[in-house]
Amino acid sequence: MRLKVVLLGEGRVGKTSILFRYIRNEFQEKQQSTLQASYMDKKIKVGTTTAQLSVWDTAGQERFHALGPIYYRDADGALLVYDITDSESFTKVRKWVKELRKIVGGDINIVIAGNKIDLERNRQVEEKEVLEYAKSVGATHFYTSAKQNLGLEECFTDLATKMVQQNLTKLQGLAGGFQPKGGKSKLVVVDDTGEGKKSSGGGGCC
Amino acid sequence: MSTSPTLTSSYHSALTSSTSQSSSSSSPTPSTSSSLLSLLFSHPLSPQISVYLPSIAPLVLLSTLISLPPPISLIKHYITTHGCTNLPPPSRLHYYSYILNTRSSFITTLSNLPQFKDGTDFNIDPLLIYLQILHSQPSGTIESLINLPPTPLSETGKQGEILRDITRTFPLTTFFKTQSNRQSLSNILNVVGEIGGVGYCQGMNYVVAGMLLCSHLPTGSNEERIQIESQITFILTTLIQPHHLNPSFDLSFDQFWGTHIPGMRLACYQFETLGREKDKRLWDHVEGGGFRLSDVMVAKGFITGEMYDVEVGDCFVVLDAVVTFGRVGILKLGLKRLGRKRGEIMESGVEEVGKILRERGGEGVDFVREALGWEVGEGRCREMERELELIMLEEQVSEIDTPGKPPPQQPQRPNFDTWSHRYGPTNSLIPRNLLQSTKQNLHNLEKSTDHDSAILRSKISSSSVKISSIHDSIITLKLKLMHHVEKCDSLVLQKNTIKSQTSHLLTLHAPSQQSTLPSDLTALKKKMESVEKTLDKSIIDRDLIFGEIHVLEEEIEEEKERKEMLCTALEVVFERKGEEREMVLEKLKDNRLEM
């Protein structure tokens, strides 16, 4: 199963660092600003299902938003990244959620990542606000640090689980009630309409 | 405003020399050639004359001395042959100013600044303007501003965006680990963000960095450093200027650094079309796996002027090609880069392509020479611009609801596979009723074409049937002919046998011994007569069949000609349909509402 994940978020929140840390377990203190959207692949096991994640990295600057649909239009999931030390970057997350819901609809699974948790002392984004917001839009929230490799496995596993579940449900629908083997017991069923869904805020490190 | 001649002379000469580009065709001033001389040979940073000889410098100089406009085609030929201009570092920036006609852009930039709105003497020193904007002091003088430390950038808004990118531009190169070089990058981006017309866009940082990397910034002199900064600033504003204001450069970066990146669509279309023409198998291989090559390659190539993952030492080579060749240059470099990775890509699955395309480096003179050697010209690029325009008009027409039917209650989600939606909204709208009437017109055209083509197709088909039936008859006749030929041959053989038997008998029976022929000879004679009779008949039959075949062959040729004419007529019907379709769509263009 091949699944496409797109990393979205304001410039310098750490999208590329998250990608490199998660896929290659590498971290560069001085990362070049991203312009060439590109992807890296990683195999991930969810239950008994093995999925091939294609993680797409994008440019963060506001004016590149117009190009967003190229990358997220056929994505199964989006990881919206903000920097906990930059409140403006969280405002951008709200913008992305609105845009994704408007253009792609409820089909896309969303996970929000508060990156740079290693800089907790400089935090500018209120935890309560973030968790409430994530809950209201039916997204899961994780704290991450690409630098210290915190929360990334959990974050991607959660997203992959949602995407695999969604795909299996679709397949089930196509097969007319066929029960696919495995990948079920550990899965969290996501209600994409947003209301009344359990938002974790946890799983990772918060 | 006072200016310092010692500080500004060389830069002044660089900019004034550019005026020759627009005016030299009629009457270049004597100062033009001398300023160019100063540009090429007397720059304080320039090495010895010998360094310029194996470069484009003599070409530029000669054309200026004999009062000709810049020999652009010769310069392009030189770069295609040598891979770069071969100019030494300090003169490269002067060359970019010269070839881009930066002086004219400087005047336009100036006239857009609030303090010059009411008209001014445009002979003002660019260095002064640069310093005034850098320090936000519109009335400062060069002397008062030149050694003033720049105000640190704000952490929010446009300056915040610049600030965030300063440490993220070629972060691993030694050059940008130096604070003064970072400061130069920051200064230029800040001023370009103010006066360039598009604010600050990520991507500019790479182009500016590339120019700084190939300008050999002095370590000691602040004055020279500021001069280089201001020179790069005005080269950048020229690159951003809309194409119609600077026709000498066919690529305007406002298309890639402006809101919504409006140029992405056309560049992707051109890249994809040329890419497929060049190597269809590669594209099918990658895009079959759901990876759209043009999106990635164009974002990198056009938004960063091919500077994104170039090796530091190759910056100047790539910049020479980008600045001189503009759009077609970037397209060729991108396609060459892709071609170089072809083997690796073809051998890997699509999951590896992202990684392969990330690998950087290797853009030396040979690379550029080979890239530019591919014969695709600016004409083809313009042709593709028109093609895309028609495709998008057609898409808009096909998306509109059919006239007479009620429009859908809920707005449909845009189809991101279409060129009209893939790269954000288009900047033009066509009134709904016009789209609907066009749709009707196209529908009518389709119907009438269908009618004409159906008649022609049916004629072609009956002609084919006729040809095939004649062909069958010919085959049957040919078989018959073969049979008759064989029969004739066998009769001739029989005749020869009888003849030899007769002569043999005649030798046995001595002549004149008997008055009558022996019975066996008589029998042979009779047999001979019968064989000859049959042979004659067979020959007549054979010739008749041969004649029949000839007639049928003429008939089939005629029918084939008729069929060919019908096919041509069918082609004409479709060609005419294509032309009329284009005309109908072209009419829409005049009714677009620009947003």
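Just so we're clear, the structure is a prediction, and the values are computed from it rather than from any experiment.

Caption draft 1: The arrangement of the overall build of chain A in detail. The number of helices and strands found in chain A is five helices and six strands. Looking at the 206 residues of chain A, the share that counts as buried comes to 62%. By sequence separation, contacts in chain A at least 24 residues apart represent 75% of the contacts at least 6 residues apart. Approximately 8500 Å² of chain A is accessible, and the part contributed by carbon and sulfur atoms is 50%.

Caption draft 2: Main features of the interface of chain B and chain A. Across the contact, 48 residues belong to chain B and 40 residues belong to chain A. Together chain B and chain A conceal approximately 3700 Å² of surface at their shared face, both sides included; 53% is due to carbon and sulfur atoms. Between the two partners, chain B and chain A, sit two salt bridges. With a shortest N-O distance of 3.4 Å, A:Glu10 and B:Arg164 are connected by a salt bridge.

Caption draft 3: Highlighting empty space enclosed by the protein. What the rule picks out here adds up to five cavities of 30 Å³ or more. A:Thr58, A:Ala59, A:Phe64, A:Leu67 and A:Tyr71 are the residues nearest the centre of the largest cavity, which is lined by 13 residues in total. Put simply, the parts of the chain that give the lining of the largest cavity at least two residues each are helix 2 (68–72) of chain A together with helix 17 (293–303) of chain B. The residue makeup of the lining of the largest cavity, split by class, is 10 nonpolar, three polar and no charged.

Caption draft 4: Focus on helix 20 (residues 350–358) of chain B. Those residues of helix 20 of chain B that fall on the buried side of the exposure criterion are B:Val350, B:Val353, B:Gly354, B:Ile356 and B:Leu357. Structurally, helix 20 of chain B contributes buried residues whose contacts are with strand 1 (2–9) and strand 2 (38–46) of chain A together with helix 16 (280–287), helix 17, helix 18 (315–340) and helix 19 (342–347) of chain B.

Caption draft 5: Highlighting the environment of B:Val584. All names here are of chain B. Here Val-584 lies in helix 25 (residues 519–589). Of the residues examined, Val-584 reaches a relative accessible area of 19% and is grouped as buried. Between the C-alpha atoms of Val-584 and Val-531, which are 53 residues apart in sequence, the distance is 78 Å. Those residues in contact with Val-584, other than ones at most four positions away along the chain, are Thr-438, Asn-441 and Leu-442.

Caption draft 6: Summary view of the pattern of salt bridges. Residues and elements named next belong to chain B. A full pass over the atoms with the stated rule returns 50 salt bridges over all chains. One salt bridge in this structure joins Glu-363 and Arg-340, with 4.0 Å as the shortest N-O distance. Within this pair, whereas Glu-363 is found in the loop between helix 20 and helix 21 (365–372), its partner Arg-340 is found in helix 18, the two being separated by 23 residues in sequence. Residue classification places Glu-363 among the buried residues on the basis of a relative accessible area of 0%. Assessed through its relative accessible area of 37%, Arg-340 is described here as partly exposed. Among the ionic pairs, Asp-366 bridges to Arg-369, the shortest N-O distance being 2.2 Å. Here Asp-366 pairs with Arg-369, and both are found in helix 21, just three residues apart, close to one helical turn.

Caption draft 7: The packing of helix 24 (residues 432–508) of chain B against helix 25 of chain B, seen in detail. Residues and elements named next belong to chain B. Relative orientation of the contacting elements helix 24 and helix 25 amounts to 165°, with a least axis distance of 6 Å. Looking at the two axes, helix 24 sits roughly antiparallel to helix 25. Considering only the axes of helix 24 and helix 25, their crossing is left-handed. Tallied by class, the residues present in the contact of helix 24 with helix 25 amount to 38 nonpolar, 14 polar and 25 charged.

Caption draft 8: Spatial organisation of a nonpolar patch on the surface. Together, B:Leu62, B:Leu65, B:Ile66 and B:Leu68 give the surface a local cluster of nonpolar side chains, amounting to about 390 Å² of exposed area. Secondary-structure assignment places B:Leu65 in helix 4 (residues 57–65).

Caption draft 9: Quick peek at the sheet that holds strand 5 (residues 109–115) of chain A. All names here are of chain A. As summarised here, the arrangement of the six strands in space is 2-3-1-4-5-6, forming an open sheet in which the pairing is mixed. Every interior strand has two partners, whereas the edge strands, strand 2 and strand 6 (140–143), have only one. Each adjacent strand pair in this sheet contributes to an overall mean axis angle of 25°, direction not counted. Where strand 1 and strand 3 (residues 49–57) come together, five bridges link them in parallel fashion. Each bridged residue has a counterpart across the sheet, and for Lys-4 the counterpart in strand 3 is Ser-54. The strands touched by helix 4 (residues 127–136) within the sheet are strand 4 (77–83), strand 5 and strand 6, with strand 6 carrying the most contacts at an inclination of about 150°.

Caption draft 10: How the structure looks around unusual backbone geometry. All names here are of chain B. A positive phi angle is found at Asn-101, which is not glycine, with a value near 60°. Turning to its location among the elements, Asn-101 is positioned in the loop between helix 6 (89–100) and helix 7 (102–112). Its relative accessible area of 8% is what places Asn-101 among the buried residues. At Glu-306, a residue that is not glycine, the phi angle is positive and equals roughly 65°. Position of Glu-306 among the secondary structure elements: in the loop between helix 17 and helix 18.

Caption draft 11: Up close: helix 10 (residues 157–166) of chain B. Looking at helix 10 of chain B, one finds that the buried residues are B:Gly160, B:Ile162, B:Arg164, B:Asp165 and B:Ile166. Turning to helix 10 of chain B, the residues buried within the fold contact helix 11 (179–195) and helix 12 (204–213) of chain B.

Caption draft 12: Representation of the pairing of strand 1 of chain A within the structure. Residues and elements named next belong to chain A. Of all eight residues that make up strand 1, seven are buried, and the element is covered over most of its length. The pairing of strand 1 with strand 4 spans five bridges and is classified as parallel. Bridging across to strand 4, Leu-7 finds its partner in Leu-79.

Caption draft 13: Just a negative patch on the surface, in detail. All names here are of chain B. A cluster of like negative charges, contributed by Glu-554, Glu-555, Glu-557, Glu-558, Glu-561 and Glu-564, occupies part of the molecular surface. For Glu-564, the position within the fold is in helix 25. Of the residues examined, Glu-564 reaches a relative accessible area of 57% and is grouped as exposed.

Caption draft 14: Region of the structure containing the environment of B:Phe291. Within the fold, B:Phe291 resides in the loop between helix 16 and helix 17. The exposure class of B:Phe291 is buried, given its relative accessible area of 2%. As a C-alpha pair, B:Phe291 and B:Gly354 span 63 residues in sequence and 8.7 Å in three-dimensional space. In this view, B:Phe291 contacts A:Tyr39, A:Trp56, B:Val286, B:Val296, B:Val350, B:Val353, B:Gly354 and B:Leu357; residues no more than four positions away in its chain are not counted.

Caption draft 15: Quick peek at the side chain of B:Asp165. Here B:Asp165 shows up in helix 10. Using a relative accessible area of 1% as the deciding quantity, one classes B:Asp165 as buried. Apart from the residues within four sequence positions on either side, B:Asp165 is in contact with A:Ser33, B:Tyr200, B:Gln202 and B:Asn205.

Thresholds applied
Residues numbered from 1 in each chain as written. Chains lettered and ligands numbered in written order. Predicted model: local features only at pLDDT ≥ 70, side-chain atom pairs only at ≥ 80, totals over all residues. Heavy atoms only, no water. Helix = DSSP H or I, 4+ residues; strand = E, 2+ residues; numbered from the N terminus. Buried < 20%, exposed > 50% of the residue type's maximum accessible area, 1.4 Å probe, protein only. Contact = heavy atoms within 4.5 Å. Areas by Shrake-Rupley, 256 points an atom, 1.4 Å probe, with all protein chains shown as cover. Buried area = accessible area lost by both parts, 1.4 Å probe. Salt bridge = Lys/Arg side-chain N within 4 Å of Asp/Glu carboxyl O. 1 Å grid on protein atoms, 1.4 Å probe; cavity = no way out; pocket = protein on both sides within 12 Å on 5 of 7 lines; lining within 4 Å. Points joined across faces, edges and corners; volume = space filled by probe spheres on them. Nonpolar A, V, L, I, M, F, W, Y, C, P; charged D, E, K, R; others polar. Axes fitted to C-alpha atoms, helices over the stretch in contact; angles between N-to-C directions. Parallel < 35°, antiparallel > 145°, perpendicular 65-115°, else oblique. Left-handed = near helix turned anticlockwise from the far one by under 90°. Patch = residues over 30% accessible without salt bridge, like charges linked within 9 Å, V, L, I, M, F, W, Y side chains within 5 Å. Pairing = 2+ DSSP bridges. Lys, Arg positive; Asp, Glu negative; His and termini not counted. Charge placed at Lys NZ, Arg CZ, Asp CG, Glu CD.

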